[in-house]
Amino acid sequence: MKLRLILGDQLNPLHSWFAQRDSEVVYALFESREELTYAPHHRQKMLAFLHGMQRFAEWLRAEGHSVEHWTLDEPRQRGSLRANLEALKTEWEARTGQTVAVEYQEPDEYRLDQALSGIGQCVPSEHFLTERDGVRRHFASKKTYLMESFYRVMRVKWNVLLDTSGQPEGGTWNFDAENRSSWDPAQQVPREWRAHHDLRELDARLDRHGIPRWGESAAADFPWPSDRPEALDVLDHFVEHALALFGRYQDSLAEGQDFLFHSRISFALNTKMLHPLDAVRAAETAWRRAPERYPLPAVEGFIRQVLGWREYVRGIYWDQMPSYAERNFFGHDRPLPPWMYTGQTRMRCMQVAVDQSLRTAYAHHIQRLMVVGNFALLAGLDPRELDTWYLGIYIDALEWVELPNTRGMSQFADGGIVGTKPYVSSGAYLNKQGNHCASCPYSVHEKVGPNACPFNSLYWHFYARNRPQLERNPRVGMVYRTWDKMKPDHREALLEQAESNLQSINNL
Ligand code: FAD
Ligand code: SF4
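Fair warning: this is a prediction, and the values are worked out from it, not measured in the lab. (Residues numbered from 1 in each chain as written. Chains lettered and ligands numbered in written order. Predicted model: local features only at pLDDT ≥ 70, side-chain atom pairs only at ≥ 80, totals over all residues. Heavy atoms only, no water.)

1. Thoughts on the overall build of the protein chain
(1) Moving on: Tallying secondary structure elements over the protein chain gives 21 helices and seven strands in all.
(2) Moving on: Principal-axis analysis of the C-alpha atoms gives the protein chain an extent of 85 × 55 × 45 Å.
(3) Moving on: Within the protein chain, the proportion of its 508 residues that are buried is 59%.
(4) Moving on: Contacts in the protein chain between residues far apart in sequence, at least 24 positions, make up 74% of those at least 6 positions apart.
(5) Moving on: Counting only carbon and sulfur atoms, one obtains 49% of the accessible surface of the protein chain, whose full area is about 20800 Å².
(6) Moving on: Averaging the coordinates of the 59 positive side-chain charges in the protein chain and doing the same for the 66 negative ones gives two points 4 Å apart. (Helix = DSSP H or I, 4+ residues; strand = E, 2+ residues; numbered from the N terminus. Buried < 20%, exposed > 50% of the residue type's maximum accessible area, 1.4 Å probe, protein only. Contact = heavy atoms within 4.5 Å. Areas by Shrake-Rupley, 256 points an atom, 1.4 Å probe, with all protein chains shown as cover. Lys, Arg positive; Asp, Glu negative; His and termini not counted. Charge placed at Lys NZ, Arg CZ, Asp CG, Glu CD.)

2. Some details on the packing of helix H13 (residues 348–360) against helix H14 (residues 365–379)
(1) Moving on: Interaxial distance between H13 and H14 falls to 10 Å at its minimum, and their mutual angle equals 115 degrees. The way H13 lies across H14 gives a crossing that is left-handed. Of the residues in H14, those touching H13 at Cys 349, Met 350, Val 352, Ala 353 and Gln 356 are Gln 367, Val 371, Val 372 and Phe 375.
(2) Moving on: Of the residues assigned to the contact of H13 with H14, the class counts are seven nonpolar, two polar and no charged. (Axes fitted to C-alpha atoms, helices over the stretch in contact; angles between N-to-C directions. Left-handed = near helix turned anticlockwise from the far one by under 90°. Nonpolar A, V, L, I, M, F, W, Y, C, P; charged D, E, K, R; others polar.)

3. Re the pairing of strand S2 (residues 25–30)
(1) Moving on: Of all six residues making up S2, six are buried, and the element is well covered by its neighbours.
(2) Moving on: The pairing of S2 with strand S4 (residues 66–70) spans five bridges and is classified as parallel. Looking at S4, one finds that Phe 30 is bridged to Trp 70. (Pairing = 2+ DSSP bridges.)

4. Observations regarding unusual backbone geometry
(1) Moving on: Here the bond from Met 321 into Pro 322 is cis, since omega is 5 degrees, no more than 30 degrees from zero.
(2) Moving on: Along the polypeptide, Pro 322 turns up in the loop between helix H12 (296–320) and H13.
(3) Moving on: Residues other than glycine seldom take positive phi values, yet Ala 361 does so here, at roughly 60 degrees.
(4) Moving on: In this structure, Ala 361 sits in the loop between H13 and H14.
(5) Moving on: Given a relative accessible area of 0%, Ala 361 falls into the buried group.
(6) Moving on: Positive phi outside glycine occurs at Phe 412, with the angle close to 50 degrees.

5. Here we look at the site of ligand 2
(1) Moving on: Taken together, Met 347, Arg 348, Cys 349, Gly 427, Leu 430, His 436, Cys 437, Cys 440, Tyr 442, Val 444, Cys 453 and Phe 455 are the residues near ligand 2.
(2) Moving on: When each cavity is represented as a set of grid points, ligand 2 is found to reside in the second largest cavity.
(3) Moving on: Put simply, the parts of the chain that give the shell around ligand 2 at least two residues each are H13 and helix H17 (427–433).
(4) Moving on: Of the residues belonging to the shell around ligand 2, the class tally is nine nonpolar, two polar and one charged. (Near = heavy atom within 4 Å. 1 Å grid on protein atoms, 1.4 Å probe; cavity = no way out; pocket = protein on both sides within 12 Å on 5 of 7 lines; lining within 4 Å. Sits in = over half its atoms within 2 Å of the grid points.)

6. Considering the environment of Arg 33
(1) Moving on: In this structure, Arg 33 sits in helix H1 (residues 33–37).
(2) Moving on: Taking the relative accessible area as the measure of exposure, Arg 33 reaches 37% and is therefore partly exposed.
(3) Moving on: When the C-alpha atoms of Arg 33 and His 209 are compared, they prove to be 8.8 Å apart, with 176 residues separating the residues in sequence.
(4) Moving on: Excluding residues that lie within four positions of it along the chain, Arg 33 makes contacts with Leu 72, Gly 79, His 209, Gly 210 and Ile 211.
(5) Moving on: Polar side-chain contacts of Arg 33 include one of 2.3 Å to the backbone oxygen of His 209. (Polar contact = N/O pair within 3.5 Å; in protein donor to acceptor, adjacent residues only side chain to side chain.)

7. Things to note about the site of ligand 1
(1) Moving on: Residues in close proximity to ligand 1 total 30 residues, the closest being His 262, Ser 263, Arg 264, Asn 270 and Tyr 362.
(2) Moving on: In the environment of ligand 1, an oxygen atom lies 2.7 Å from a nitrogen or oxygen atom belonging to the side chain of His 262.
(3) Moving on: In the environment of ligand 1, an oxygen atom lies 2.7 Å from a nitrogen or oxygen atom belonging to the side chain of Tyr 362.
(4) Moving on: In the complex, 99% of the free accessible area of ligand 1, which totals 820 Å², lies under the protein chains.
(5) Moving on: Of all the secondary structure elements, the ones that give two or more residues to the shell around ligand 1 are helix H10 (266–270), H12, H14 and helix H16 (399–410).

8. Things to note about the packing of aromatic side chains
(1) Moving on: Throughout the structure, instances matching the rule amount to 38 aromatic pairs.
(2) Moving on: With a centroid separation of 5.1 Å and 85 degrees between ring planes, the pair formed by Phe 128 and Trp 400 is classed as edge-to-face. Of this pair, Phe 128 sits in the loop between strand S6 (121–123) and helix H5 (134–139) while Trp 400 is found in helix H16, placing the two residues 272 residues apart along the sequence.
(3) Moving on: In this structure Phe 128 comes out as buried when scored by relative accessible area, which is 12%.
(4) Moving on: Each ring, one from Trp 389 and one from Tyr 394, has its centre 5.9 Å from the other, and the planes form 85 degrees; the classification is edge-to-face.
(5) Moving on: For Tyr 394, a relative accessible area of 1% corresponds to the buried category.
(6) Moving on: A network of ring pairs unites the aromatic residues Phe 329, Phe 330, Phe 412, Tyr 459, Trp 460, Phe 462, Tyr 463, Tyr 480 and Trp 483 as a single cluster.
(7) Moving on: Note that Arg 111 overlies the ring of Tyr 38, its terminal NZ or CZ placed 3.7 Å from the centroid. (Phe/Tyr/Trp six-rings, centres within 6.5 Å; stacked < 30°, edge-to-face > 60°. Lys NZ or Arg CZ within 6 Å of the ring centre and 35° of its normal.)

Take a look at the structure:
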């Protein structure tokens with residue numbers, strides 16, 4: 001007999017495990033208190049994962065497989081995945097008089113890899129387009145972890161956007177320069193894709209078991225996909241309505257627009273309802289069929305996120321763990337201001353990003369990187385606390401993807417593995433990318449004084465206080481040359497303004 005464990009992020013009906021029915025195999029899915037409480041999660045994140053598991057168990061039963069799905073109400077619950085699995089194994093051995101072998105799919109998170117180690121046979125999850133150590137092997141003989149070089153190899157390996165002679169379509173590998181326009185408020189955005197699930201019962205179960213969580217639940221009319229057909233529908237919706245303008249507005253920030261032209265497939269991908277090649281091939285096929293409708297820069301830009309960045313950050317995670325979770329290059333240790341949990345700040349860009357995250361469990365990349373992450377880095381927020389925040393709040397947050405993005409790309413806490421320089425900006429960049437500044441009580445054009453945009457002085461404070469660590473970075477030399485050319489009293493005023501902002505950070 002075999003007991004096969006399915007984790008909450010392994011909801012892939014195409015896995016070879018399920019190709020045939022076997023009366024000697026039992027599939028196990030557990031709602032475990034340990035998994036629900038290792039970080040404080042957003043209500044929608046918790047509902048989405050548990051609902052996905054429930055639907056997957058139903059699908060397995062409908063396909064004729066034997067299933068043990070233990071909810072929190074299950075009297076046999078032991079609280080952790082490992083303890084549940086061991087209890088179930090003992091029970092099945094007693095029931096059948098046979099030895100029961102445990103099998104599990106390769107977990108994506110270091111914590112689970114450790115927790116399940118030695119419990120049984122680990123098989124591939126059949127999801128990613130590289131092995132866990134693919135990035136390590138790719139960069140073994142290189143000095144830097146440049147994503148672009150990895151991405152080109154992936155394009156060739158999977159034959160994506162190549163012409164018949166194996167060269168990149170359009171004559172170049174990367175169309176970034178043609179993407180990323182400022183927001184145009186006259187631009188219509190696509191209607192939002194929504195599922196309409198009633199998850200009040202599930203929400204009540206979490207309440208009954210006292211599982212702590214935050215953010216809006218949306219349980220009465222739950223919008224996120226729950227299975228592969230719905231996940232494919234999200235992807236189709238994106239290709240049909242948003243892909244063509246994905247690149248152009250990829251880095252835009254807009255008042256009143258939660259999703260812009262982003263795909264919102266990250267939850268479906270990270271739970272493996274969708275395969276990355278589903279997304280890559282859908283975008284490429286759209287372009288090949290109708291190049292006049294789907295500009296190549298948009299299609300290439302989208303494919304780079306999935307085939308490049310997503311696989312790359314996973315490889316960095318497995319290359320660098322467990323020490324990566326301890327990285328704090330700048331030694332930042334300021335606690336998160338309380339408004340990171342309420343959205344009650346006067347800074348309009350931060351208010352919109354945090355409020356939207358609490359309301360929808362989603363923020364798009366530029367909000368995560370250049371609004372919240374940018375402020376956090378400028379203000380020297382503790383990257384450990386910040387990780388917990390990111391890991392909790394977003395629907396798609398799993399440590400293998402959240403950690404390299406937060407510690408690495410956003411906070412430069414890895415000292416420059418993922419990024420070659422810190423992603424920081426003053427208010428001018430945020431003003432260029434969108435229209436939040438127009439409705440902000442702070443003035444993006446002022447650098448000092450009570451109305452000055454806090455990003456402006458904090459930007460210089462960040463560079464001044466971290467000069468020993470950054471001065472020799474060739475990509476930031478220009479910043480210090482500009483700083484050194486400023487009049488000493490202006491530099492002093494900027495630093496004083498930043499200090500005053502930091503002292504009153506809870507009231508910004
Ligand atoms: P789109 O903008 O439509 O992009 C398409 C897909 O590309 C995404 O679904 C995602 O799978 C992939 N992708 C794009 N950028 C990245 C990236 N930098 N790393 C990995 N995959 C990428 N993504 C997560 O899936 N989980 C996280 O916990 C997470 N945390 C992040 C934390 C920070 C600080 C930052 C800066 C980024 C984080 N990202 C994370 C990456 C990215 O912001 C999200 O994948 C994206 O916003 C999800 O929305 P979407 O599906 O609409 O993406
Ligand atoms: Fe954000 Fe500054 Fe613009 Fe206000 S003025 S929205 S704080 S960048």
